[in-house]
Amino acid sequence: LCAVMLYTKLLSAAVGLLAIDTSYSFGCPPPERLSRLLKATDSGEAPIILMPCCYDGITARLVAQSGFSATFMTGFGVSGANGYPDTQLVSFNEMVLAASKVAEGLSSAALENVKFGEPDYTGEPPVAIPCIADGDTGYGNAINVKRTVFGYARTGMAGMMIEDQVAPKRCGHVAGKAVIPFDEAVQR
């Protein structure tokens, strides 16, 4: 949770530094939406957040249309959809492209749920659910992690999770993983 909140803050800062147009996020930047959800859960005001995984636009839409408050873009799913095992064979650019498709699917689902002109329409902009992205190992050292944060921020991701595995990494679901030293993990 702490790592996700840290990367949520980093993504929020990246959105501000890059002067990214967040109008596609319908009035509330994705990192802020995620931060509000996490704070409400942490304070006990909201239940634990269930986040089904998605890996493309259609799975993101299905999660959003099913009423979940957040989702997670899974590297395992993106890798599998591309025909690879989750061993970091899918590149940074391919993951950013997948994140972009996920964000579009979430935005589309939010727009579909609005009934413009209907009596129950509140006039408030539609809100897409936030998505935490799988950042694998950050695709290298601390400088690469910074690039990964900015890349995911540009796509509209609300947060990012990175792993402290050595490269090449192994899927988180299998045995035989090795982690980097603590000091290197902190730099990432």
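Residues numbered from 1 in each chain as written. Predicted model: local features only at pLDDT ≥ 70, side-chain atom pairs only at ≥ 80, totals over all residues. Heavy atoms only, no water.

Student: Help me out: how do you make sense of the nonpolar core in this one?
Tutor: Note that soluble globular proteins tend to have their nonpolar side chains buried in a common cluster. Among the nonpolar cores identified, the biggest contains 28 residues, and M73, M95, V102, L106, C131, Y152 and M157 are the most heavily contacted of them. Sorting the residues of this core by element identifies α3 (57–65), α5 (92–112), β3 (131–134) and α6 (142–155) as the ones contributing at least two each. Among the nonpolar cores identified, the runner-up in size contains seven residues, and I49, A70, F72 and I132 belong to it. (Core = buried A, V, L, I, M, F, W, Y, C linked by side-chain atoms within 4.5 Å. Buried < 20%, exposed > 50% of the residue type's maximum accessible area, 1.4 Å probe, protein only. Helix = DSSP H or I, 4+ residues; strand = E, 2+ residues; numbered from the N terminus.)

Student: Could you clarify how one ought to interpret unusual backbone geometry in this entry?
Tutor: Among all residues except glycine, the phi angle is most often negative; among peptide bonds, the trans geometry is most common. Residue Q88 is not a glycine yet carries a positive backbone phi of 60°. Positioned with a positive phi, Y139 is a non-glycine residue whose angle comes to about 65°. With respect to the element layout, Y139 can be found in the loop between β3 and α6. For Y139, a relative accessible area of 16% translates into the label buried.

Student: Any chance you could explain the packing of α3 against α5 here in plain terms?
Tutor: The description of two packed helices rests on the angle between their axes and on the distance between the axes. Axis separation between α3 and α5 bottoms out at 7 Å; the angle between their running directions is 40°. One way to sum up the angle between α3 and α5 is to call them oblique. Crossing of α3 over α5 shows right-handed handedness. For the pair α3 and α5, the contacting residues are G57, A60, R61, A64 and Q65 in the first and K101, V102, G105, L106, S108, A109 and E112 in the second. (Axes fitted to C-alpha atoms, helices over the stretch in contact; angles between N-to-C directions. Parallel < 35°, antiparallel > 145°, perpendicular 65-115°, else oblique. Left-handed = near helix turned anticlockwise from the far one by under 90°. Contact = heavy atoms within 4.5 Å.)

Student: So what exactly am I meant to see when it comes to the sheet that holds strand β4 (residues 159–161) here?
Tutor: Backbone-to-backbone hydrogen bonds pair the strands of a sheet. The strands run either parallel or antiparallel. If you trace the four strands from one edge of the open sheet to the other, you get β1-β2-β3-β4, paired in parallel fashion. A strand with exactly one partner marks an edge of an open sheet, and here the two such strands are β1 (53–54) and β4. When β1 meets strand β2 (residues 71–73), the two strands line up parallel, connected through two bridges. Across the sheet, residue C53 finds its bridge partner in β2, namely F72. (Pairing = 2+ DSSP bridges.)

Student: Can you help me understand helix α2 (residues 30–43) in this one?
Tutor: Turn by turn, an α-helix covers 3.6 residues, leaving residues three or four places apart pointing in a common direction. For α2, spanning 14 residues, the distance from its first C-alpha to its last is 20 Å, which sits close to the expected 20 Å at 1.5 Å a residue. Considered for burial, the residues of α2 that qualify are P30, P31, R33, L34, S35, L38 and A40. Once α2 finishes, G44 follows within two positions and takes phi at roughly 90°, a positive value. (Expected span 1.5 Å × (residues − 1).)

Student: Quick question: what am I supposed to make of the pattern of salt bridges here?
Tutor: Think of it this way: side chains of opposite charge can pair up when their charged atoms draw near. In total, this model carries two salt bridges according to the counting rule given. Between R36 and E32 there is a salt bridge, with the nearest N and O atoms lying 2.2 Å from each other. Placement of both R36 and E32 in helix α2 is noted, with a separation of four residues, approximately one turn of the helix. Overall, E32 belongs to the partly exposed group, its relative accessible area being 33%. Notably, a salt bridge pairs R61 with E112, separated by 2.2 Å at the nearest N-O pair. Of this pair, R61 sits in helix α3 while E112 sits in helix α5, placing them 51 residues apart in sequence. (Salt bridge = Lys/Arg side-chain N within 4 Å of Asp/Glu carboxyl O.)

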